[in-house]
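# Coordinates in review
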Amino acid sequence: IGRMQAQMKDILVCAADDNRSYDSSLVLTDDEKSLWEKYNDTDDNTIEDKSLIEMFDETVKRFPDRVAISDGKKSCTYREADEISDRIAAYLFSQGVSEGDYVAVITEREISSVLNILGVLKTGSAYIPIAPDMGVERRKYIIEHSGCKAVLDADIDASDHEAVSFRDRYSR
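Residues numbered from 1 in each chain as written. Predicted model: local features only at pLDDT ≥ 70, side-chain atom pairs only at ≥ 80, totals over all residues. Heavy atoms only, no water.

### Section: the sheet that holds strand S5 (residues 148–153)
The strand order across the open sheet formed by three strands is S4-S3-S5, and the pairing between neighbours is parallel. The sheet terminates laterally at strand S4 (126–130) and S5, the two strands that pair on one side only. Pairwise comparison of adjacent strand axes, ignoring direction, gives a mean angle of 25° for this sheet. The sheet contacts of helix H6 (residues 136–146) involve strand S3 (102–106), S4 and S5, and relative to S4 the element is tilted by about 165°. (Pairing = 2+ DSSP bridges. Helix = DSSP H or I, 4+ residues; strand = E, 2+ residues; numbered from the N terminus. Axes fitted to C-alpha atoms, helices over the stretch in contact; angles between N-to-C directions. Contact = heavy atoms within 4.5 Å.)

Printed below as a string of structure tokens:
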């Protein structure tokens, strides 16, 4: 408690003195500062040139049978997530969605949300998240004014659509 009081005092002194800037070293022990520097070392650019979908695809290849998404009751492996999101992407392509478009995703925070978002990203599109408990008029306004080319919600069943790899779609 005494240490916290000293830290708070340092912060307040810095806030009151226009000529003094706050220095995090005032409140961090040497061990904490070392840990902070370790976790904030951003010189490693291993993912800089990869998209989220490229990283996901690499993970699917490395760990196809590991759990990718879980909500405590249900779970989905990386392979299943890849297959389902490919079907969602195929569905979106069949609806005329293409790279650079916007797609509204209306769903609760659940497994289907992640799968829908992955499907959207696989088309090269951006997703607009919309909460289902939002009023109908507000949802319509967002969809119309954001220029969404399609709308996905938890009720969309993409299982009828052929699982076309998003990579195959652009290599034709």
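### Let's talk about the side chain of Asn116
Take Asn116: it is sitting in helix H5 (residues 111–122). The class for Asn116 is buried, based on a relative accessible area of 6%. Non-local contacts of Asn116, meaning those with residues more than four positions away in its chain, are made with Ile88, Val105, Leu152 and Asp153. (Buried < 20%, exposed > 50% of the residue type's maximum accessible area, 1.4 Å probe, protein only.)

### Examining the confidence of the model for the protein
Mean pLDDT over the protein stands at 80; residues scoring 70 or higher make up 77%. Between the elements of the protein, mean pLDDT differs from a low of 36, seen in helix H7 (residues 166–170), to a high of 94, seen in helix H4 (residues 78–94). Considering only residues more than four positions removed or in separate chains, one finds that residues 157–172, a stretch of pLDDT under 50, has 26 contacts. (pLDDT = per-residue confidence, 0-100.)

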